[in-house]
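# Understanding the architecture of this molecule
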There are 2 protein chains.
Amino acid sequence: MRATVIHAPHDIRVEEVPDATVQQPTDVVLRVLRACICGSDLWAYRGESARQPGQRIGHEFLGVVEEAGSEVAGFSAGDLVVAPFVWSDGTCAYCAEGLTTSCPRGGFWGSVGSDGGQGEAVRVPFADGTLVKLPAAAASDDRLLTALLALSDVLGTGHHAALGAGVRPGSTVAVVGDGAVGLCGVMAAKRLGAERIIALGRHQARTDIARAFGATDVVAERGEAALAAVRELTRGEGTHGVIEAVGTEQSMRTAIDIVRDGGSVGYVGVPHGSGTGIDLDAMFDRNITLRGGVAPVRTYIPELLPDVLDGTIDPSPVFDLSVGLDGVPGGYKAMDERTALKVLIKP
Amino acid sequence: MRATVIHAPHDIRVEEVPDATVQQPTDVVLRVLRACICGSDLWAYRGESARQPGQRIGHEFLGVVEEAGSEVAGFSAGDLVVAPFVWSDGTCAYCAEGLTTSCPRGGFWGSVGSDGGQGEAVRVPFADGTLVKLPAAAASDDRLLTALLALSDVLGTGHHAALGAGVRPGSTVAVVGDGAVGLCGVMAAKRLGAERIIALGRHQARTDIARAFGATDVVAERGEAALAAVRELTRGEGTHGVIEAVGTEQSMRTAIDIVRDGGSVGYVGVPHGSGTGIDLDAMFDRNITLRGGVAPVRTYIPELLPDVLDGTIDPSPVFDLSVGLDGVPGGYKAMDERTALKVLIKP
């Protein structure tokens, strides 16, 4: 089969790899219908996150079950399913609590020895714990299929950020980061009842999506000027919650600056770079909460799925470029150069 | 009147200062019956927190109202009252929400131009917002009066930490810090229903109090060994919540190390020293929440007071040395050298 392989920073290739096969009785093999490139894949692409040469890549995908192991109870060949960005056994204490990302038998697609999502097929460990079934009819609805793909990461991650930011009906929320996760954070905050949603961003194509997703205000300034602008919009106080969807020192600093006293920063930007940007003295004096981390999206899919299916929310606009498998290296380049927001892959 | 004045690091004196007087119609003047020295006062004593020469000091006290301003509605001469460690107006949006420490008109006892608690009397701004009335009968009960003094800071701060750590019935909790706040954190965690409370500490006089307050286990190790010991006690996972009641880089590092995935660190140790001890990568991977800050104890007094009055909880054992006003400099020395846990002052 063909799949995306990372050989070195900026060296992403699509090449022949061994076919995905059922190796454990709890596995399924899934034929990929839709996959995509994540902002966090760029850290590997740029060499900011270490990868061994030859590792697969891609952790967001949905598709059709091709073969199910003998102990798989919930899925059989032909089922349309979506995979969250980590697999998990569905039976441990953490899975029972919903923290599937801490499952001791869980793992990340594309880690050494596992398939990645940016390929023709994937071996899915612990299929019963990991996958979620989708209505078969969705397979013939291109727009819906794309929207459902967002359940594998960005929509659930935006939801996790909104929960971390403590969003509830009537909240004011600011969103730091105009990538797909930040935009889904806007959507999730709106869905949870936020009254005012301030999107920080300066690229109009992106802030237009933010507005379509529910942002009531856009702040194009950065740093001190962004702080002043957000305070201006919030009686000088800042917002009840802030979604931090970037992961850099500067973005965390901004998030803590603009949150209201007693408020929460929902952090889902994968930390990268040298410093944390956390001013603990300021957090202490102002009773700021920091809550978030890697999103247990498997837990959120059943809650978010009905709203996607009935069109209450439609995250599909975050995908602004579509490629076939051969176009994946070009897709990385486009996202790296910010000419694409998020690249959809149709293998 | 006589009051404690800080002139320079390690230069604490009790001397004549201008009498406390009603200056605003919302003030009261309070005659101090009990005050004490806080671990955070030591940062000023040691020069780790800046003070202007001549500033007053002390922020925990209770006493009797001597004179009330014309606009004070809730208090009159003779009332026994306790003061939280910051004053607050009781009327702003933050006060209404319970975040009294963020009141724009609030302030800290001993800040420039204000009285401190370690003296004969204190001018209390915004008395109606700040003070809480106590039963008159408590004035003649020495043990109870001492227990009630803990409401001004350490008990409410311990409660804030326990809330920050997310303690609920059945929780496992670890407490980093064997000072009065850490010990009150043990008490607060027990009160909120924690099932297992692991106190980290190596001074038996203190860990004995921890056990009396509800600790089920004591870990004397530090650093890596402490982590191993806590994991050993918790099926390798760590505790659901951790109370961080020290405020150093090392204590925060330990707190984040020993918390279970998905858990919360309730941070109430006043940050001091060069680094934060926050490993954001570890927090991200394990979905750790950091929640706390300066405790809005004014908000907690009405909830905690009945339990102190009826003896359900008795924080008085945290005071292990009692001095008169002349003994205050010696009290600082004793706490600085850790020969005293917390010094009670009877002016």
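Residues numbered from 1 in each chain as written. Chains lettered and ligands numbered in written order. Predicted model: local features only at pLDDT ≥ 70, side-chain atom pairs only at ≥ 80, totals over all residues. Heavy atoms only, no water.

## A few points about the overall build of chain A
When helices and strands are counted, chain A shows 12 helices and 18 strands. On the principal axes, the C-alpha backbone points of chain A span a range of 60 × 40 × 35 Å. Counting every position in chain A, which comprises 347 residues, the buried fraction comes to 60%. Of the contacts made within chain A by residues no fewer than 6 positions apart, 70% connect residues no fewer than 24 positions apart. As displayed, chain A offers around 12600 Å² of accessible surface, 49% of which is attributable to carbon and sulfur atoms. A gap of 3 Å separates the mean positions of the 30 positive and 43 negative side-chain charges of chain A. (Helix = DSSP H or I, 4+ residues; strand = E, 2+ residues; numbered from the N terminus. Buried < 20%, exposed > 50% of the residue type's maximum accessible area, 1.4 Å probe, protein only. Contact = heavy atoms within 4.5 Å. Areas by Shrake-Rupley, 256 points an atom, 1.4 Å probe, with all protein chains shown as cover. Lys, Arg positive; Asp, Glu negative; His and termini not counted. Charge placed at Lys NZ, Arg CZ, Asp CG, Glu CD.)

## Quick word on the interface of chain A and chain B
With 32 residues of chain A at the contact, the number on the chain B side is 32 residues. Summed over both sides, the interface of chain A with chain B buries roughly 2800 Å², with 57% coming from carbon and sulfur. Across the contact surface, chain A and chain B share 2 salt bridges. In this structure, the salt-bridge partner of E97(B) is R260(A), at a minimum N-O distance of 2.8 Å. The interface formed by chain A and chain B includes 15 residue pairs in polar contact (both at pLDDT 80 or more). Elements that contribute at least two residues to the side of chain A that touches chain B include exactly α2 (93–97), β15 (259–267), α10 (280–286) and β16 (289–292) of chain A. (Buried area = accessible area lost by both parts, 1.4 Å probe. Salt bridge = Lys/Arg side-chain N within 4 Å of Asp/Glu carboxyl O. Polar contact = N/O pair within 3.5 Å; in protein donor to acceptor, adjacent residues only side chain to side chain.)

## Some thoughts on the environment of G54(A)
Residues and elements named next belong to chain A. For G54, the location among the structural elements is in the loop between α1 (41–45) and β4 (55–56). Taking the C-alpha atoms as reference points, G54 and V17, separated by 37 residues in sequence, lie 10 Å from one another. Excluding anything up to four places from it in sequence, G54 contacts V5, I6 and H7.

## A short note on the UniProt feature "domain: Alcohol dehydrogenase-like N-terminal" (unreviewed entry) in chain A
Those places that UniProt annotates as "domain: Alcohol dehydrogenase-like N-terminal" (unreviewed entry) correspond, in this numbering, to residues 25–135 of chain A. From the first C-alpha to the last, residues 25–135 of chain A spans 25 Å; its make-up is 13% helix and 30% strand. (UniProt positions renumbered as here; feature names shortened; annotations may be inferred.)

## Here we look at the pairing of strand β6 (residues 80–83) of chain B
Every other side chain in a regular strand lies on the same face of the sheet, so the side chains alternate between the two faces. Residue and element names in this part refer to chain B. The alternating pattern of β6 places L80 and V82 on one face and V81 and A83 on the opposite face, and all of these are buried. Inspection of the sheet shows strand β5 (residues 61–68) paired to β6 by 4 bridges, in the antiparallel sense. Note that in β6 the partner of G63 across the bridge is V81. When β6 meets strand β10 (residues 132–133), the two strands line up antiparallel, connected through 2 bridges. (Pairing = 2+ DSSP bridges.)

## Brief notes about the packing of aromatic side chains
Within this structure, the stated rule accounts for 10 aromatic pairs over all chains. In textbook terms, an aromatic cluster arises when at least three aromatic residues are bridged by ring pairs, as seen for F61(A), W87(A) and W109(A). (Phe/Tyr/Trp six-rings, centres within 6.5 Å; stacked < 30°, edge-to-face > 60°.)

## A word on the nonpolar core
Among the nonpolar cores identified, the biggest contains 56 residues, and L200(A), V265(A), L290(A), L200(B), V265(B) and L290(B) are the most heavily contacted of them. Dropping the residues within four chain positions of it, L200(B) is found in contact with A174(B), V175(B), V176(B), G177(B), D178(B), V219(B), A226(B), V230(B), T254(B) and I258(B). (Core = buried A, V, L, I, M, F, W, Y, C linked by side-chain atoms within 4.5 Å.)

## Some thoughts on the pattern of salt bridges
Following the criterion strictly, the structure yields 46 salt bridges over all chains and no others. With a shortest N-O distance of 2.5 Å, D326(A) and R2(A) are connected by a salt bridge. Of this pair, D326(A) sits in the loop between β17 (321–323) and α12 (328–336) while R2(A) sits in strand β1 (residues 2–8), placing them 324 residues apart in sequence. In this structure D326(A) comes out as exposed when scored by relative accessible area, which is 62%. Put simply, D142(B) and R34(B) hold a salt bridge, and the shortest N to O gap is 2.4 Å. With D142(B) in helix α4 (residues 142–149) and R34(B) in strand β3 (residues 28–36), this pair connects stretches of sequence that are 108 residues apart. For D142(B), a relative accessible area of 40% puts it in the partly exposed group. Within the structure, one salt-bridge network assembled from shared partners comprises E97(A), R235(B), E237(B) and R260(B).

## Some words on the sheet that holds strand β2 (residues 11–16) of chain A
Where strands meet in a sheet, backbone hydrogen bonds hold them as pairs that are either parallel or antiparallel. All names here are of chain A. Across the sheet, 3 strands lie side by side as β2-β1-β4; this open sheet has antiparallel pairing. Of all strands in the sheet, those with a lone pairing partner are β2 and β4, marking the two edges. Note: β1 against β2, 6 bridges, orientation antiparallel. By the bridge assignment for β2, I6 is matched with I12. Strand contacts of α12: β1 and β2, with the helix running at about 160 degrees to β2, the strand carrying the most contacts. (Axes fitted to C-alpha atoms, helices over the stretch in contact; angles between N-to-C directions.)

## What about the domain arrangement of chain A?
Residue and element names in this part refer to chain A. As far as domains go, chain A holds domain 1 (2–153 + 297–345) and domain 2 (155–292). Taken over C-alpha atoms, the centre of domain 1 sits 27 Å from the centre of domain 2. Contacts between the two partners involve 22 residues from domain 1, matched on the other side by 20 residues from domain 2. At the boundary of domain 1 with domain 2, total buried surface from both sides reaches about 1800 Å², with 66% on carbon and sulfur atoms. Viewed at the interface, domain 2 and domain 1 are joined by 3 salt bridges. Ionic pairing is found between R338 and D178, a salt bridge with its closest N-O pair at 3.2 Å. The interface formed by domain 1 and domain 2 holds 9 residue pairs in polar contact (both at pLDDT 80 or more) in total. Of all the elements, helix α11 (residues 297–309) adds the most residues to the side of domain 1 that touches domain 2, at 6 residues. Here the side of domain 1 that touches domain 2 is composed, by residue class, of 14 nonpolar, 1 polar and 7 charged. (Domains from an automatic or database assignment. Nonpolar A, V, L, I, M, F, W, Y, C, P; charged D, E, K, R; others polar.)

## Focus: the relation of the copies chain A and chain B
Note on the chain copies: they are related by a rotation about an axis and a translation along it. In screw terms, the move from chain A to chain B is a rotation of 180 degrees and a rise of 0.0 Å along the axis, fitting with an RMSD of 0.0 Å. Look at the turn and shift together and you get a two-fold axis relating the two. Among all residues of chain A, the one whose C-alpha sits closest to the rotation axis is L290(A), at a distance of 2.5 Å. Looking at the interface residues of chain A, 100% of them are also at the interface in chain B, so both copies use one shared face. (Least-squares fit on C-alpha atoms with pLDDT ≥ 70 in both.)

## So, unusual backbone geometry
Its identity as a non-glycine residue notwithstanding, N287(A) has a phi of 55 degrees, on the positive side. With respect to the helices and strands, the residue N287(A) is situated in the loop between α10 and β16.

## A few points about the sheet that holds strand β4 (residues 55–56) of chain B
Residue and element names in this part refer to chain B. Here 3 strands make up an open sheet; going across it, the order is β2-β1-β4 and the pairing antiparallel. The two strands at the open ends of the sheet, each matched to only one other strand, are β2 (11–16) and β4. Of the pairings in the sheet, the one linking strand β1 (residues 2–8) to β4 comprises 2 bridges and is antiparallel in character. Each residue of the ladder has a partner; that of V5, found in β4, is R56. The sheet strands contacting helix α12 (residues 328–336) are β1 and β2, and the helix crosses β2 at an angle near 160 degrees.

## Notes on the pairing of β15(A)
Residue and element names in this part refer to chain A. Summarising burial for β15: 8 of the 9 residues are buried, a large majority. With helix α9 (residues 249–258) bridging strand β14 (residues 239–244) and its parallel neighbour β15, the resulting β-α-β unit is right-handed. In terms of strand pairing, β15 meets β16 through 4 bridges, oriented parallel. Bridge pairing in β16 links V265 to L290. (Right-handed = clockwise from strand over helix to strand, strands pointing away.)

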